[in-house]
Amino acid sequence: MWRDAFKPTQILDSLCKKNSLPAAEYRREEVKMDNKIFKVPPEAFPEEASVRNKGRVADENWSVDDEHKALYVLQHWEEMPGYGYKLVPEHVEIRSLYNPENPGLVQVR
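Here the structure is a predicted model, which is why all the values come from computation and not from measurement.

Once that is clear, we can look at helix 1 (residues 8-18). Listed in full, the buried residues belonging to helix 1 are Pro8, Ile11, Leu12, Leu15 and Cys16. Looking down the long axis of helix 1, one finds its buried residues gathered within 140° of arc, a one-sided arrangement. Residues of helix 1 that are exposed and point over 90 degrees away from its buried face: Lys17 and Lys18. Residue Ser20 follows helix 1 closely and has a positive phi angle near 55°.

Below, the structure written as structure tokens:
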């Protein structure tokens, strides 16, 4: 689950539109952005979200993996030739928030 109001794919799509770039092309282990290919390492995927660790491919899991791929690209956006700059990581991360009055119950993601 994502804490931000927008998912990483939405943030990345917005950056592409803002910079007049073509939409990101999500591939099995990489993301193509214009002429740059971001190789996404296996550790960019949480174990529970990655279909790779399960040794099978399921269509419903591809969108989850795309979110982690987009997050990786956002975390490395400064590497984007001609367009890149450092993004504030707190705005493109996942983290569950809990209320001490309701332990174990996720309040916000």
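What follows deals with the nonpolar core. Counting 18 residues, the largest nonpolar core has Leu12, Met33, Val73 and Trp77 as the members making the most contacts within it. Elements that contribute at least two residues to this core include exactly helix 1, strand 2 (30-33) and helix 2 (59-75). Excluding its chain neighbours within four sequence positions, the residues that come into contact with Leu12 are Ala24, Tyr26, Met33, Ala70, Val73, Leu74 and Trp77.

Reading across the sheet, the 3 strands line up as 1-2-3 and stay open at both edges, with antiparallel pairing between neighbours. Across the chains shown, the open sheet's two edge strands, defined by having one partner strand only, are strand 1 (25-26) and strand 3 (36-39). Inspection of the sheet shows strand 1 paired to strand 2 by 2 bridges, in the antiparallel sense. Looking across to strand 2, one finds that Tyr26 is bridged to Val31.

Quick look at the packing of aromatic side chains now. Under the definition given, this model contains 0 aromatic pairs. In this structure, Lys36 packs its charged tip against the face of Phe38, placed 5.1 Å from the ring centre.

A separate point is the pairing of strand 3. Regular strands show a simple pattern: their side chains alternate between the two faces of the sheet. Here strand 2 pairs with strand 3 via 4 bridges, running antiparallel. Bridge pairing links Lys32 to Ile37 in strand 3. The antiparallel hairpin formed by strand 2 and strand 3 contains 2 residues in its connecting segment, where Asp34 sits at a positive phi of about 55°.

Bringing the side chain of Glu30 into the picture now. Mapping Glu30 onto the fold places it in strand 2. In this structure the side chain of Glu30 is engaged in a polar contact, spanning 2.9 Å, whose partner is the side chain of Lys39. Excluding residues within four positions of it along the chain, Glu30 makes contact with Glu25, Ile37, Phe38, Lys39, Val40 and Lys69.

Here we take up the pattern of salt bridges. The final tally for this structure, using the stated rule, is 5 salt bridges. Two residues, Lys39 and Glu30, come together in a salt bridge whose shortest N-O distance is 2.9 Å. Its relative accessible area of 58% is what places Lys39 among the exposed residues. Overall, Glu30 belongs to the buried group, its relative accessible area being 14%. In this structure, a network of salt bridges that share partners links the residues Glu25, Arg27, Glu30 and Lys39.

Conventions and cut-offs
- Residues numbered from 1 in each chain as written.
- Predicted model: local features only at pLDDT ≥ 70, side-chain atom pairs only at ≥ 80, totals over all residues.
- Heavy atoms only, no water.
- Buried < 20%, exposed > 50% of the residue type's maximum accessible area, 1.4 Å probe, protein only.
- Helix = DSSP H or I, 4+ residues; strand = E, 2+ residues; numbered from the N terminus.
- Arc of directions from axis to C-beta.
- Core = buried A, V, L, I, M, F, W, Y, C linked by side-chain atoms within 4.5 Å.
- Contact = heavy atoms within 4.5 Å.
- Pairing = 2+ DSSP bridges.
- Phe/Tyr/Trp six-rings, centres within 6.5 Å; stacked < 30°, edge-to-face > 60°.
- Lys NZ or Arg CZ within 6 Å of the ring centre and 35° of its normal.
- Polar contact = N/O pair within 3.5 Å; in protein donor to acceptor, adjacent residues only side chain to side chain.
- Salt bridge = Lys/Arg side-chain N within 4 Å of Asp/Glu carboxyl O.

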